[in-house]
Amino acid sequence: DTAVSQTPKYLVTQMGNDKSIKCEQNLGHDTMYWYKQDSKKFLKIMFSYNNKELIINETVPNRFSPKSPDKAHLNLHINSLELGDSAVYFCASSHPAVEKLFFGSGTQLSVL
Amino acid sequence: DAKTTQPPSMDCAEGRAANLPCNHSTISGNEYVYWYRQIHSQGPQYIIHGLKNNETNEMASLIITEDRKSSTLILPHATLRDTAVYYCIVRGDNYGQNFVFGPGTRLSVLP
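Presented here is an overview of the structure given in this document. (Residues numbered from 1 in each chain as written. Chains lettered and ligands numbered in written order. Predicted model: local features only at pLDDT ≥ 70, side-chain atom pairs only at ≥ 80, totals over all residues. Heavy atoms only, no water.)

Turning to the pattern of salt bridges, a few remarks are in order. Side-chain pairing between opposite charges can occur once the charged atoms of the two side chains come close. All names here are of chain A. Inspection of every chain in the model, using the stated rule, returns five salt bridges over all chains. Its salt-bridge partner being Lys 71, residue Asp 30 comes within 2.9 Å of it at the nearest N-O pair. Highlighted residues: Asp 30 in the loop between strand 3 (19-25) and strand 4 (31-37) and Lys 71 in the loop between strand 7 (64-70) and strand 8 (73-78), separated in sequence by 41 residues. Between Glu 82 and Arg 63 there is a salt bridge, with the nearest N and O atoms lying 3.5 Å from each other. You can see Glu 82 sitting in the loop between strand 8 and strand 9 (87-95) and its partner Arg 63 sitting in the loop between strand 6 (53-57) and strand 7, a full 19 residues away along the chain. A relative accessible area of 41% places Glu 82 in the partly exposed class. (Salt bridge = Lys/Arg side-chain N within 4 Å of Asp/Glu carboxyl O. Helix = DSSP H or I, 4+ residues; strand = E, 2+ residues; numbered from the N terminus. Buried < 20%, exposed > 50% of the residue type's maximum accessible area, 1.4 Å probe, protein only.)

This is the structure we're talking about:
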């Protein structure tokens, strides 16, 4: 059983399109995150949700909109994709009593 | 910005101990030291964390200096599968605090 699963694993699209990445965790965690890893391999947090509520929102263009229908899911919707959005996006989850991050396997987004 | 400093790369012979250093001279009293690793193209994986005492688990040992300004992650018998980027992170225990990843150390385990 995959603890944190993301779909799709690869996403190739044209500039200007709108796309979504889905994330689900079956660990019963309360908090979920989206991280972005750019071509220089720096891993930066984008958003954090706890029980469907936003608790961290780093400086991210408002073209990126996270949506959490329930605490097991945190989807990332991106409008008007730009070349600079090309990166690997990782979903993660954690539980307050066990301060570890569990990461998904990543979604490689390529904007052409 | 990351609060830690790590060497950009290290090599280790297979079967030998890998000792990865981390400096965190501005660490506060309530901040823990965490280690994660990222094997090529995979999501980062938790290894170990500690506050001030040395810690050991099935993956590694964490040695924290008495003044807590630096630490060392020890992989006792490195294998080729331990080749990865290792991240040292300092994080407070307040709920909602962010894990800030720096560039890490790229460990290459050589046959």
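Residue and element names in this part refer to chain B. Counting 21 residues, the largest nonpolar core has Leu 20, Trp 35, Leu 73, Leu 75, Tyr 86 and Leu 107 as the members making the most contacts within it. When residues of this core are traced back to their parent elements, those giving at least two are strand 2 (18-23), strand 3 (31-38), strand 4 (45-50), strand 6 (61-64), strand 7 (70-75), strand 8 (84-92) and strand 9 (105-110). Broken down by element, the residue count for this core peaks at four residues, all from strand 8. Residues contacting Tyr 86, with those up to four places away along its chain left out, are Gln 6, Leu 20, Trp 35, Tyr 36, Arg 37, Ile 47, Leu 73, Leu 75, Gly 104, Thr 105 and Leu 107. (Core = buried A, V, L, I, M, F, W, Y, C linked by side-chain atoms within 4.5 Å. Contact = heavy atoms within 4.5 Å.)

Bringing the state of the cysteines into the picture now. Scanning the model with the defined rule gives two disulfides over all chains in all. The disulfide partner of Cys 23 of chain A is Cys 91 of chain A, and the S-S distance across this bridge is 1.8 Å. The disulfide joining Cys 23 of chain A to Cys 91 of chain A has a torsion of about -80° about its S-S bond and is therefore left-handed. Highlighted residues: Cys 23 of chain A in strand 3 and Cys 91 of chain A in strand 9, separated in sequence by 68 residues. Among the residues examined, Cys 23 of chain A registers a relative accessible area of 1% and is labelled buried. Cys 22 of chain B shares a disulfide with Cys 88 of chain B; S-S distance 2.1 Å. Disulfide Cys 22 of chain B-Cys 88 of chain B: torsion about the S-S bond near -85°, hence left-handed. (Disulfide = S-S within 2.5 Å.)

In this section: the packing of aromatic side chains. For any pair of aromatic rings, geometry is given as the distance between the ring centres together with the angle between the planes. The final tally for this structure, using the stated rule, is 13 aromatic pairs over all chains. Relative to Tyr 46 of chain B, the ring of Tyr 36 of chain B has its centre 5.7 Å away and its plane inclined at 75°; by these criteria the two rings are edge-to-face. Of the two residues, Tyr 36 of chain B sits in strand 3 while Tyr 46 of chain B sits in strand 4, which places them 10 residues apart along the sequence. Joined through ring pairs, the aromatic side chains of Tyr 33, Tyr 35, Phe 90 and Phe 103 of chain A together with Tyr 32, Tyr 34, Tyr 36, Tyr 46, Tyr 87, Phe 99 and Phe 101 of chain B make up one cluster. Over the face of the ring belonging to Tyr 10 of chain A we find Lys 9 of chain A, whose NZ or CZ atom lies 5.8 Å from the ring centre. (Phe/Tyr/Trp six-rings, centres within 6.5 Å; stacked < 30°, edge-to-face > 60°. Lys NZ or Arg CZ within 6 Å of the ring centre and 35° of its normal.)

Now for the side chain of Ser 48 of chain A. Residue and element names in this part refer to chain A. Topologically, Ser 48 is positioned in strand 5 (residues 43-50). On the basis of relative accessibility, which here comes to 1%, the residue Ser 48 falls in the buried class. Apart from the residues within four sequence positions on either side, Ser 48 is in contact with Thr 31, Met 32, Tyr 33, Glu 53, Leu 54, Ile 55 and Ile 56.

By themselves these figures say nothing about function.
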